[in-house]
Amino acid sequence: MNKKKFYIITTCFIIAVIVVFEFVMYCFVGEDILLKKGTMRTLWISFPIVIFGLSSLRDFIIKRIYKNDDKDK
C-alpha cells in the first residue's frame, strides 16, 4: 500500500467514525440530553479530541513508514 492510498483510506475511516458517532449519539441519546450538562454532553463534546488524536497518529505512521518513499521520487 502506498502513501496516498493509506492516507485516503484512513481519512475515509475517520470521517465515517465521526458521522456514525454523531448520528448514534443524536438518535439514541436525544437532543435534550446532549444539550444539558452531564456525562453524555462531555463525551459528545470531547469526541473531536479523539478524532484529532487519530489523525495525528495517522500522520505519525505515514512519517515513520513512508519516510523513504519521498527520497525515491
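Structure's up top.
Residues numbered from 1 in each chain as written. Predicted model: local features only at pLDDT ≥ 70, side-chain atom pairs only at ≥ 80, totals over all residues. Heavy atoms only, no water.

(A) Spatial organisation of the overall build of the chain. Broken down by element type, the chain carries 4 helices and 0 strands. In summary, the chain has a C-alpha radius of gyration of 17 Å against a globular reference of 11 Å for 73 residues, an excess of more than 25%. Projected onto the principal axes, the alpha-carbon positions of the chain cover approximately 55 × 15 × 10 Å. Counting all 73 residues of the chain, 19% fall into the buried class. In the chain, the proportion of contacts linking residues at least 24 apart, taken out of those at least 6 apart, comes to 61%. When the accessible surface of the chain is summed, it comes to about 6000 Å², and 69% of that surface belongs to carbon and sulfur atoms. (Helix = DSSP H or I, 4+ residues; strand = E, 2+ residues; numbered from the N terminus. Rg over C-alpha atoms; globule rule 2.2 N^0.38 Å. Buried < 20%, exposed > 50% of the residue type's maximum accessible area, 1.4 Å probe, protein only. Contact = heavy atoms within 4.5 Å. Areas by Shrake-Rupley, 256 points an atom, 1.4 Å probe, with all protein chains shown as cover.)

(B) Focus on the environment of Phe47. Within the secondary structure layout, Phe47 lies in helix α3 (residues 39–65). Separated by 26 residues in the primary sequence, Phe47 and Phe21 place their C-alpha atoms 8.7 Å from one another. In this view, Phe47 contacts Val17, Ile18 and Phe21; residues no more than four positions away in its chain are not counted.

(C) Representation of helix α1 (residues 3–29) in the model. An ideal rise of 1.5 Å per residue puts 39 Å on 27 residues; α1 measures up with 38 Å between its terminal C-alpha atoms. The complete set of buried residues in α1 reads Phe6, Thr10, Ile14, Phe21, Met25 and Val29. Here the buried face of α1 lies against α2 (31–35) and α3. Phi for Gly30, located one or two positions after α1, is positive at around 105 degrees. (Expected span 1.5 Å × (residues − 1).)

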